[in-house]
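Structure assessment
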Amino acid sequence: MKKLIVLLNTIFILFAQFDSDPRMIGLSGAYTSVASGYHSIGINPANLGSNNALSMNLFSANIFLVNDFMSVELYNDINGANLEDPTSASYYPKEDILDQVNENKIIMEGGWVAPIPALNFAYKRFGISMVNRSYIRFDLPKDVLTMMFYGNTTERLMFEFGGEGISVNELGLTYAHRFLLDNQPIQFGATFKYLQGLLYLKAEDVEDEGSYFETDDDSFSGSGRYLVRQAFGGGGTAIDVGLLLPNFIEGWNVGVSLINLGGSISWGADNPTRNIISKYEDSLPLRQNEYYYFNYEIEPINAMDIIDLDGGDLPFSSDAYTVGLLTDTPLCSETSSQNLICLNENGEVESNSSLFTTDQIIEIDDNSYLVPSELLQSSQLQSQTSEDINLDYPSFLRIGISKDIQNYGIISLDAITGFDESFGNSNKFKLSIGTEIVAISKKFPVRFGLSLGGRQLSSYSLGFGYRIGPLSLDFGRKYYAGLIMNKAKGVEYAFNISLDFNKFSFKDIFRLNLPKIKLPELPKLPD
């Protein structure tokens with residue numbers, strides 16, 4: 001048990017998520033009508049309509065890690081606890097640990113956001129951005145813990161492992177426009193993005209009813225099939241659009257933005273990134289459209305069967321090899337040499353190639369089949385017969401209001417929802433509220449925030465900044481599902497160094513504020 005806990009905590013500190021900068025984290029995401037300068041890109045491009053000078057990123061780092069099971073408090077409770085003897089002073093019931101698992105799996109996820117220094121900037125109403133966004137998720141079945149605690153049970157234990165990961169560079173070009181309508185300022189902006197896919201991985205259970213291990217009164221048995229998909233080099237596009245109404249009602253700013261509209265990435269052969277990587281494909285473990293398949297099979301067996309084997313083969317088998325995924329299955333009477341598989345008159349799939357037999361074809365869902373790829377040419381893996389990976393990129397809606405209160409700072413409120421569940425996105429609404437206080441010092445803003453809903457039940461954040469001339473240093477920290485570190489099930493940190501000349505002129509850099517020296521007046525000489 002202790003080894004599993006150490007493993008989980010090791011995994012948690014390797015991974016991360018998709019907030020943009022420390023100020024956004026400090027406000028717990030309530031940023032739609034607050035973001036300014038180059039920070040507007042990816043949040044609400046319309047905010048650039050009030051940008052009058054240069055703003056630029058010098059350095060930025062964001063890392064996020066979260067799970068829905070383990071907290072420091074739970075770890076301390078079960079570390080060294082007696083899980084067997086109810087009379088022990090250190091007894092901790094196993095069921096109480098299992099009750100911490102939501103549904104049937106433990107989800108560990110995270111990612112990082114890494115803007116490329118000096119390549120993220122805005123000058124007046126134009127902006128350019130280049131940001132790496134990476135995300136990873138791992139699903140651990142609850143029944144792994146059940147087996148560790150109780151051993152073999154009479155219930156079927158489901159071992160549906162899974163996970164996915166993606167790394168993408170977003171290259172964006174932004175423009176915003178500001179105009180008046182009945183004396184009301186209106187700002188509109190858009191960002192056109194090229195999505196450069198670097199890496200995609202997905203592990204999934206492809207067993208018909210889920211991989212399992214089962215024990216009954218007479219024997220135990222099990223079966224499992226897993227597929228790991230991978231792709232290197234993808235390309236796609238997305239669009240951000242936004243609207244901002246400054247001082248719309250009694251000083252409140254209202255902002256709305258749609259992020260990554262129509263966003264998708266194709267991991268086929270026809271894109272610049274793939275063409276570059278293809279030169280080094282021989283050094284990669286898998287080729288394009290080539291995946292990794294693993295299976296195991298345990299035939300029903302009991303203790304007496306094992307004794308009677310007397311050195312014979314165990315009724316257990318497993319295999320692992322590379323495969324291609326085929327989706328084009330014409331009738332065998334209409335097939336051509338390009339088709340590797342076909343359907344016979346009985347509607348059953350058959351091999352149409354000498355590179356593998358019909359028995360080696362594995363059906364994983366309707367009209368999708370796996371075949372051994374060891375003897376296949378790269379051109380056959382990339383033909384119309386095989387399936388390219390095409391992904392929808394996470395898109396979402398942001399609605400926010402904020403107000404700048406004189407001699408206090410900013411109050412901001414956002415509602416955010418995704419249009420899908422991909423890569424950490426959620427189609428559940430998240431409500432965020434944040435405040436930035438400058439009452440003590442405008443050079444040292446302090447931020448607090450709270451979020452409810454979305455993928456995580458709650459998050460609590462704080463942050464601060466330091467301003468010296470055009471230079472800004474900002475730090476943000478967010479706890480998930482807990483107000484303090486001890487109870488939190490996730491954490492996010494961000495640090496940023498940037499320049500913003502909107503309230504500071506280039507001339508001020510060279511202006512010397514020397515103290516004035518007042519010389520004593522000399523006495524007047526007589527005439």
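Scroll up to find the structure.
Structural notes, computed from the coordinates.

Calculation notes
- Residues numbered from 1 in each chain as written.
- Predicted model: local features only at pLDDT ≥ 70, side-chain atom pairs only at ≥ 80, totals over all residues.
- Heavy atoms only, no water.
- Helix = DSSP H or I, 4+ residues; strand = E, 2+ residues; numbered from the N terminus.
- Buried < 20%, exposed > 50% of the residue type's maximum accessible area, 1.4 Å probe, protein only.
- Core = buried A, V, L, I, M, F, W, Y, C linked by side-chain atoms within 4.5 Å.
- 1 Å grid on protein atoms, 1.4 Å probe; cavity = no way out; pocket = protein on both sides within 12 Å on 5 of 7 lines; lining within 4 Å.
- Points joined across faces, edges and corners; volume = space filled by probe spheres on them.
- Disulfide = S-S within 2.5 Å.
- Nonpolar A, V, L, I, M, F, W, Y, C, P; charged D, E, K, R; others polar.

You will see that Glu 103, though not glycine, has its phi angle at about 55°, which is positive. For Glu 103, the location among the structural elements is in the loop between helix H4 (94–98) and strand E2 (105–115). Take Glu 103: its relative accessible area is 68%, and that puts it in the exposed class. Residue Asp 182 is not a glycine yet carries a positive backbone phi of 55°. As for its position among the elements, Asp 182 is in the loop between strand E6 (162–181) and strand E7 (184–205). A relative accessible area of 74% places Asp 182 in the exposed class.

The next subject is the nonpolar core. In this structure, Ile 166, Tyr 200, Leu 227, Trp 267 and Leu 370 are the most contacted members of the largest nonpolar core, which totals 22 residues. Within the residue set of this core, elements represented by two or more residues are E6, E7, strand E9 (220–249), strand E11 (290–301), strand E12 (316–326) and strand E15 (362–365). When residues in this core are grouped by element, the largest group, three residues, is from E9. If you look at the next biggest cluster of nonpolar residues, it comprises 21 residues, including Met 70, Tyr 92, Leu 157 and Phe 213.

Another aspect to go through is the layout of surface pockets. Here the second largest pocket defines a volume of roughly 640 Å³. As for the second largest pocket, its lining consists of 23 residues, of which Asp 68, Asn 102, Ile 107, Arg 455 and Gln 456 are closest to the centre. Among the secondary structure elements, those contributing two or more residues to the lining of the second largest pocket are strand E1 (54–67), E2 and strand E4 (126–141). For the lining of the second largest pocket, the element with the highest residue contribution is E2, accounting for three residues.

Let us look at the state of the cysteines. One pass over the structure, following the stated rule, counts one disulfide. Each sulfur in the disulfide pair Cys 332 and Cys 342 lies 2.1 Å from the other. Sign of the S-S torsion, about 85° for the bond between Cys 332 and Cys 342, identifies this disulfide as right-handed. Taken together, the positions of Cys 332 in the loop between E12 and strand E13 (341–343) and Cys 342 in strand E13 put the pair 10 residues apart, joining distant regions of the chain. Here Cys 342 falls in the buried class, since its relative accessible area comes to 2%.

With that settled, consider empty space enclosed by the protein. Applying the stated criterion across every chain yields a total of two cavities of 30 Å³ or more. Its boundaries defined by the atoms lining it, the second largest cavity holds a volume of some 210 Å³. Forming the walls of the second largest cavity are 19 residues, and the residues nearest its centre are Tyr 38, Ile 41, Asn 120, Val 131 and Arg 133. Looking at the lining of the second largest cavity, the elements that each hand over two or more residues are E1, E2, E4 and E6. Tallied by class, the residues present in the lining of the second largest cavity amount to six nonpolar, nine polar and four charged.

Read these as spatial facts, not as claims about activity.
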